[in-house]
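# Structural features, examined
Listed here are the chains, written in short residue letters.
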Amino acid sequence: MAATEVARQSTDSARNLSLSGHVGFDSMPDQLVNKSVCQGFCFNILCVGETGLGKSTLMDTLFNIKLESDPVAHNQPGVHIKSSSYELQESNVRLKLSIVNSVGFGDQINKDESYKSIVEFIDAQFEAYLQEELKIKRTLHNYHDSRIHVCLYFIAPTGHSLKSLDLVTMKKLDSKVNIIPIIAKADSVSKNELQKFKIKIMSELVSNGVQIYQFPTDDETVAEINGIMNAHLPFAVVGSTEEIKIGNKMMKARQYPWGTVQVENENHCDFVKLREMLIRVNMEDLREQTHARHYELYRRCKLEEMGFKDTDPDNKPFSLQETYEAKRNEFLGELQKKEEEMRQMFVTRVKEKESELKEAEKELHDKFDRLKKLHQDEKKKLEDKKKSLDDEINAFKQRKSAAELLHSQAQQSGSQQTLKREKERKNSGFL
């Protein structure tokens, strides 16, 4: 009874709090919007198409500004990728826009590898993002995302069919980027021919297995409009930054001798459809598809090349540490194997070199012996010749001495006879 009384008194003395506002987690979307607006957004567009199809003009028309771009000389041997970034703001939303242009695409005589530099550029942006993710100290919150979110592929308005260059390039790009095909300068094709051209293009894309970007229809708010717009692909567009007065309004248009093509008139071209789908309705989905589909595919392939796996051979979860240890052991094993192979190769080469040196040494010894023997033979011949010359000299000296002796004896004998005759003459004179 006492406990019940104490509880009643405690309840009566409790302070009542009145809520000053709504409490709930349904404010999370507003928080996310505010945070995203503060951080700003980025959007990267890749323009691929042959020279002269109006890529820069369309970009200027699309964002209703004059994007500063210096003219580039088309005298390079290959395709050159040029990227330009711009800071745009609409209301309180900031957008960092990057326009990437494929300069010189289709200008070469040999177009076999025209797509190569484009693919390498896209992969380079994926690689840069992956390297940032793999860092120990990451700064992804303020990292400038340079991954390509959409590729606007400009198709020449031939009215017949796609060129093989277009099919090959789009096939190489469809697994790396969201492709939206565009028929450029659509005012050069009649309306009936344009419709047949669109059907022909889509048929060729399907038959060649080219996967282009399809506007998503899973969101009920945009499912209807996206479904309708998917049937209008590829968009036939006309770009122009020139404003012409039509009626009482200034409108972007192209003036021809036969009439005026209004860029924002849906009866004239699909520019408004492209702008709506690309910027107003599906820009975030393009960004999400780039990260969730194309980047994830690149990341998975790259990590599998590096040896990382999610499961072991028994289909059990494989931790990153185990993967690292397994890869490290595998690398050390390969390193040891290569080291042993290099050691064996070194020993083999040393033995071969020693054998070559021994053979060369033996040849040198043989040559030395031959020269030594030849020297001895020459020396013996010289000694024999010297002995012979010495004998000849001695014999000559003996003959010379004998001759000198005979000469002196003859002189003595002559002088004695002369004296004798002189004496006899004298004696006969006295008589």
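Residues numbered from 1 in each chain as written. Predicted model: local features only at pLDDT ≥ 70, side-chain atom pairs only at ≥ 80, totals over all residues. Heavy atoms only, no water.

### As for the layout of surface pockets
Of the volumes computed, that of the largest pocket is approximately 880 Å³. Sorting elements by how many residues they give to the lining of the largest pocket places helix H9 (residues 283–305) first, with five residues. Looking at the lining of the largest pocket residue by residue, the classes come out as 13 nonpolar, five polar and eleven charged. Counted as a void, the second largest pocket has a volume near 690 Å³. Around the second largest pocket, the lining is made up of 24 residues, and of these Gln-39, Gly-40, Cys-42, Tyr-143 and Arg-287 lie nearest the centre. When residues of the lining of the second largest pocket are traced back to their parent elements, those giving at least two are helix H2 (28–39), strand S1 (41–48), strand S3 (93–103) and H9. Residue composition of the lining of the second largest pocket, grouped by class: seven nonpolar, eight polar and nine charged. (1 Å grid on protein atoms, 1.4 Å probe; cavity = no way out; pocket = protein on both sides within 12 Å on 5 of 7 lines; lining within 4 Å. Points joined across faces, edges and corners; volume = space filled by probe spheres on them. Helix = DSSP H or I, 4+ residues; strand = E, 2+ residues; numbered from the N terminus. Nonpolar A, V, L, I, M, F, W, Y, C, P; charged D, E, K, R; others polar.)

### A look at the pattern of salt bridges
Overall, the coordinates contain 17 salt bridges when judged by the stated rule. Among the ionic pairs, Glu-132 bridges to Lys-135, the shortest N-O distance being 3.1 Å. For Lys-135, a relative accessible area of 46% puts it in the partly exposed group. Between Lys-273 and Glu-266 there is a salt bridge, with its nearest N and O atoms 3.2 Å apart. The exposure class assigned to Glu-266 is partly exposed, which follows from its relative accessible area of 44%. It is possible to trace a salt-bridge network through shared partners that takes in Lys-198, Glu-266, Asp-270 and Lys-273. (Salt bridge = Lys/Arg side-chain N within 4 Å of Asp/Glu carboxyl O. Buried < 20%, exposed > 50% of the residue type's maximum accessible area, 1.4 Å probe, protein only.)

### Focus on the sheet that holds strand S6 (residues 235–236)
The mixed open sheet is built from six strands, whose spatial order is S2-S3-S1-S4-S5-S6. Two strands in the sheet have a free side with no partner beyond their single neighbour: strand S2 (80–90) and S6. In this fold helix H5 (residues 164–173) packs onto S1, strand S4 (150–155) and strand S5 (179–183), with an angle of close to 170 degrees to the strand it touches most, S4. Set on the sheet, H9 makes contact with S1, S3 and S4; between it and S1 the angle comes to about 80 degrees. (Pairing = 2+ DSSP bridges. Contact = heavy atoms within 4.5 Å. Axes fitted to C-alpha atoms, helices over the stretch in contact; angles between N-to-C directions.)

### So, the packing of aromatic side chains
Overall, the coordinates contain eight aromatic pairs when judged by the stated rule. Their ring planes at 5 degrees and their centres at 4.8 Å tell us that Tyr-256 and Trp-258 sit as a pair that is stacked. Take Tyr-256: its relative accessible area is 24%, and that puts it in the partly exposed class. The exposed category is assigned to Trp-258, whose relative accessible area is 60%. Positioned over the ring face of Tyr-129 is Arg-147, at 3.7 Å from the centre of the ring. If you follow Arg-147 out to its NZ or CZ, it ends over the ring of Tyr-295, 4.8 Å from the centre. (Phe/Tyr/Trp six-rings, centres within 6.5 Å; stacked < 30°, edge-to-face > 60°. Lys NZ or Arg CZ within 6 Å of the ring centre and 35° of its normal.)

### Here's the deal with the confidence of the model for the protein
Close inspection of predicted coordinates is inappropriate for parts of the model with low pLDDT. Averaged over the protein, the pLDDT score is 86; the fraction of residues at 70 or greater is 89%. Ranking the elements of the protein by mean pLDDT puts helix H1 (residues 2–13) last, at 52, and S4 first, at 96. (pLDDT = per-residue confidence, 0-100.)

### Focus: a negative patch on the surface
Taken together, the side chains of Asp-218, Asp-219, Glu-220 and Glu-288 make up a negatively charged region of the molecular surface. For Asp-218, the position within the fold is in the loop between helix H6 (191–207) and helix H7 (220–230). Relative accessible area serves as the criterion here: at 69%, Asp-218 is assigned to the exposed category. (Patch = residues over 30% accessible without salt bridge, like charges linked within 9 Å, V, L, I, M, F, W, Y side chains within 5 Å. Areas by Shrake-Rupley, 256 points an atom, 1.4 Å probe, with all protein chains shown as cover. Lys, Arg positive; Asp, Glu negative; His and termini not counted. Charge placed at Lys NZ, Arg CZ, Asp CG, Glu CD.)

### Section: the sheet that holds strand S8 (residues 249–256)
The strands making up a sheet are joined through hydrogen bonds of the backbone, oriented either antiparallel or parallel. Reading across the sheet, the three strands line up as S7-S8-S9 and stay open at both edges, with antiparallel pairing between neighbours. Looking along the sheet, the strands with just one partner apiece sit at the ends: strand S7 (243–246) and strand S9 (259–262). Going across the sheet, the axis of each strand differs from the next one's by a mean of 65 degrees, ignoring polarity.

### Topic: the side chain of Asn-226
By the element assignment, Asn-226 lies in helix H7. With near-sequence residues (within four places) excluded, Asn-226 lies in contact with Phe-215, Pro-216, Thr-217, Met-277, Val-281 and Asn-282.

### A short note on the environment of Ile-212
For Ile-212, the location among the structural elements is in the loop between H6 and H7. For Ile-212, a relative accessible area of 11% gives the class buried. For Ile-212 and Asp-174, which are 38 residues apart along the polypeptide, the C-alpha to C-alpha distance reads 6.4 Å. What Ile-212 contacts, discounting residues up to four positions off in sequence, is Ile-179, Pro-181, Met-202, Leu-205 and Leu-233.

### So, the packing of helix H3 (residues 55–63) against helix H8 (residues 271–281)
Orientation of H3 relative to H8, taken along the N-to-C sense of each, is 70 degrees, at an axis distance of 11 Å. Overall, the two elements H3 and H8 adopt an arrangement that is roughly perpendicular. Remark: the crossing between H3 and H8 carries right-handed chirality. Between H3 and H8, the contacting residues are Leu-58, Thr-61, Leu-62 and Phe-63 on the first element and Phe-271, Leu-274, Arg-275, Leu-278 and Ile-279 on the second. Counted by class, the contact of H3 with H8 contains seven nonpolar, one polar and one charged residues. (Parallel < 35°, antiparallel > 145°, perpendicular 65-115°, else oblique. Left-handed = near helix turned anticlockwise from the far one by under 90°.)

### Overview of the packing of helix H4 (residues 116–134) against H9
Where H4 contacts H9, the axes come no closer than 10 Å and their chain directions differ by 80 degrees. With respect to their mutual orientation, H4 and H9 come out roughly perpendicular. Listed contacts from H9 to Asp-123, Phe-126, Glu-127, Tyr-129, Leu-130 and Glu-133 of H4 are Thr-290, His-291, His-294, Tyr-295, Tyr-298, Arg-299 and Lys-302. Split into classes, the residues belonging to the contact of H4 with H9 amount to five nonpolar, three polar and five charged.

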